[in-house]
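# Tertiary structure, described
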Amino acid sequence: MTEIDLLRACQQHDVRAQTALYNLYKTRLMGLCRRYARSQPEAEDMFHEGFIRIFQQLHTLEQSEKLLPWMKRVMVNTAINVYHKNHKQQAETDLDDAWMHASDDHLDTLSRLSNYELLELIEQLPDGYRLVFNLYVIDGYNHVQIAEMLQIAEGTSKSQLARAKNLLKQKLKTLGIYSYEEH
Amino acid sequence: MKNIDPENIQPDDWEDGFRQRFADFRANPPDHALNRILTDLQARKPAPGFRYGRLLIGVSLLALLTGSWFLSRSFEPGPIPIATSASRVSSLLLTPNHTPANQPMKGLSQQRKTKAAQPVEQNNESIRPIILLDPNDRTAPTATPTLVRLGSRPKSTEPPIHAVLPQREAGAGLVSINPSFAAQTAIPLEKQAHWTNPSEPVEDLRSRPFRGYGKVHFPTIQAPVADEAAPQQPVVSRQRPISFVSFMPLYLYQRINPIQNDGVLVRDLSTQHALSTERVGVRIQAGVEWPLSKKVSLRTSLAYNHLSQQVTYTTRNPTPDSVRVERIDEKTVRVTPFYSDKRVETRANWHFVGVGTELVWRVGSLGAWRHYTTMGTTVGLMIGPAQTRTGHPVSGFVQAAYGIERAIGGSLWLRVAPTVQYGLNTLSDRESLFRIRPYTYGLTVGLRR
């Protein structure tokens, strides 16, 4: 079954096609949810909610080649909804420390850490930072798009990204992993 | 906190490292996740009929309104029986608050003045006050001859009410319907007229000059209601539903958008005629108009639309017509394919069946022509090969018209109404490369009775 056939069958609410679509993309979309969520249970809830929205809104998709980007976008939107729903308190506690300590160290630890170890660091970021970091660094959205998606100012997106990066560097420093000094 | 200058943050290898590691990051969901998703999906999916929920709700409301209106019309109390009115009138007329006729008159000038009788309680009914003139006043040639004026009693062309005096008891000498006011309403017997034949009209002498006394004012005497002939019930003109059928050729006023498909280049897009003059189909409508008031009706109808669109365009042949081979060197050959263009003609057809609801407002009439406007919606299903852009078969139109109608004989009326119709959905037949949103107009011609 080609992708276009799969899409059309899913649009007709064919359960077998829905199962095939799920099996085809479940790991990628769950990986995306893990990045955006602050915990495994929250990622599972996000994945669950996102896939339901995918099945519900699949009829709006015309072109099968855009299926994966569209599904990712639905998942990202679900993550943003979860953020808006849950995020009432912005964790601002350790920003000063983050900035103070992060400016001096340049980290090259990515190759030493496994994905799941890095994921733990990302999960520890405050919600807003984690969201902007994922959107900008990994999923490739620019600040204008992020500002529109999150309904924030573009400058806010930029500063949140900077703070997220510095906080990540500081956390790596806390782990005691240094590679080399910034030149 | 230090101020961070976001402009100084540049993409770096550190970001690229994250991007490479996590762009295709994968994780396994829980084993039971699919079952939960499908279960929740079924639970959140609207009931089978709910897909057309709005349509059903609209139709139900319409049926409810129409039904309740008919019920209210069916149980509406008829016109007030004349007997009741007559009994009130008779009792009122014979209960004036005036001086008995056989008493000496004092202060005629005062009594000549119009007196307002007090409401009289009779059979627990409050009766409207009436205005009376003194019936014994014969000295007022200029007095208004009006004896009784009932506020809302219309002028009637019916024959006058015939009076029959009731049987007198021996020695009574007086006629009174209301015994409690007998003393006040007593009329000497010798002054009473004797009408025995109900069919014989009473000559109205009230305005006839009588000797030197000017106009004579007789008291109005009403017969008992039971002796009156049964009045003819007034005819209530009830507005009846109007059935109609109409035909409308549809002309197109729209934009045609090519659907972007990879690898297909479409150019020189054109239609058979100019966009505003191309007839693209017909609309046939039949239904009933339910009068809501004197000027407003609710039109319910079944509608069938047939739309077709012929479009020609130029595209490249998928396979090359010729190939030019050039030898570059001993080991290299350059192959250049040549494609020719082809002109493609395509025709898309749509069939739509729906239920229409419109309000009809009768503006007025000019000569034999009556003017009216309509506005409403038609909601239904695409039954042809076409689908809406989202693949959903439900579609709809909003339409408005300004029409004129006139009787053409019998109970038939001819209707002509310039109409515009706006499609709520974009249509695509998935076979052609085009998407159409039907903005159409046309002249609706129909009959009604």
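Here is what the cut-offs are and how they apply
Residues numbered from 1 in each chain as written. Chains lettered and ligands numbered in written order. Predicted model: local features only at pLDDT ≥ 70, side-chain atom pairs only at ≥ 80, totals over all residues. Heavy atoms only, no water. Helix = DSSP H or I, 4+ residues; strand = E, 2+ residues; numbered from the N terminus. Buried < 20%, exposed > 50% of the residue type's maximum accessible area, 1.4 Å probe, protein only. Contact = heavy atoms within 4.5 Å. Core = buried A, V, L, I, M, F, W, Y, C linked by side-chain atoms within 4.5 Å. Domains from an automatic or database assignment. Expected span 1.5 Å × (residues − 1). 1 Å grid on protein atoms, 1.4 Å probe; cavity = no way out; pocket = protein on both sides within 12 Å on 5 of 7 lines; lining within 4 Å. Points joined across faces, edges and corners; volume = space filled by probe spheres on them. Nonpolar A, V, L, I, M, F, W, Y, C, P; charged D, E, K, R; others polar. pLDDT = per-residue confidence, 0-100. Polar contact = N/O pair within 3.5 Å; in protein donor to acceptor, adjacent residues only side chain to side chain. Phe/Tyr/Trp six-rings, centres within 6.5 Å; stacked < 30°, edge-to-face > 60°. Lys NZ or Arg CZ within 6 Å of the ring centre and 35° of its normal.

This part takes up the overall build of chain A. Secondary structure assignment for chain A yields 9 helices and 2 strands. Listed by position from the N terminus, the elements making up chain A come as α-α-α-α-α-β-α-α-α-α-β. Here chain A holds 183 residues, and the buried ones make up 53% of them. Looking at chain A alone, contacts between residues at least 24 apart form 71% of all its contacts between residues at least 6 apart.

On to the nonpolar core, then. Residues Phe 47 and Phe 133 of chain A are the most contacted members of the largest nonpolar core, which totals 67 residues. Per element, the largest residue contribution to this core is 11 residues, and it comes from helix α4 (residues 67-86) of chain A. Residue contributions to this core reach at least three from each of two domains, namely domain 1 (3-86) and domain 2 (95-181) of chain A. Other than its neighbours up to four places away in sequence, Phe 47 of chain A contacts Tyr 22, Lys 26, Leu 29, Met 30, Cys 33 and Met 75 of chain A together with Pro 29, Ala 33 and Ile 37 of chain B. Membership of the second largest hydrophobic core comes to 12 residues, among which are Leu 252, Leu 307, Ala 348 and Trp 350 of chain B.

Turning our attention to helix α9 (residues 154-174) of chain A. Every α-helix winds through 3.6 residues per turn, so residues three or four apart in the chain are directed the same way. Its 21 residues give α9 of chain A an end-to-end C-alpha distance of 30 Å, which sits within 8% of 30 Å, the value for a rise of 1.5 Å per residue. In terms of burial, α9 of chain A is a largely internal element, 15 of the 21 residues being buried.

Take empty space enclosed by the protein next. All names here are of chain B. Under the criterion given, the structure shown has 8 cavities of 30 Å³ or more. Here the largest cavity defines a volume of roughly 120 Å³. Taken together, 17 residues form the lining of the largest cavity, with Ser 246, Arg 299, Tyr 372, Ala 417 and Thr 444 sitting closest to its centre. Broken down by element, the residue count for the lining of the largest cavity peaks at 4 residues, all from strand β17 (residues 412-423). Its residues placed into classes, the lining of the largest cavity shows 7 nonpolar, 6 polar and 4 charged.

Time to look at the confidence of the model for chain A. Residue and element names in this part refer to chain A. Residue-level pLDDT values for chain A average 80, and 81% of them are 70 or greater. Confidence over residues 89-107 falls short of pLDDT 50; this stretch has 41 contacts with residues more than four positions distant or in other chains. A low-confidence stretch, residues 178-183 stays under pLDDT 50, and its non-local contacts, those more than four residues away or across chains, total 12 contacts.

Residue and element names in this part refer to chain B. Inspection of the secondary structure assignment puts His 371 in strand β14 (residues 369-382). At 3.0 Å, the side chain of His 371 forms a polar contact with the side chain of Tyr 402. Leave out the neighbours within four places in its chain, and His 371 touches Trp 361, Arg 362, Val 363, Gly 364, Ser 365, Leu 366, Tyr 402, Gly 403 and Ile 404.

Turning to the packing of aromatic side chains, a few remarks are in order. Tallied over the full model, the rule gives 9 aromatic pairs over all chains. With a centroid separation of 5.5 Å and an interplanar angle of 70°, the aromatic rings of Tyr 116 of chain A and Phe 25 of chain B are classed as edge-to-face. Of this pair, Tyr 116 of chain A sits in helix α6 (residues 115-124) while Phe 25 of chain B sits in the loop between α1 (13-22) and α2 (33-44), which puts the two residues in different chains. Look at Phe 25 of chain B and you get buried, because its relative accessible area is 5%. One aromatic cluster is present, formed by Tyr 116 and Phe 133 of chain A together with Phe 18, Phe 22 and Phe 25 of chain B through successive ring pairs. For Arg 299 of chain B, the ring lying beneath its charged end belongs to Phe 244 of chain B, and the centroid distance is 4.5 Å.

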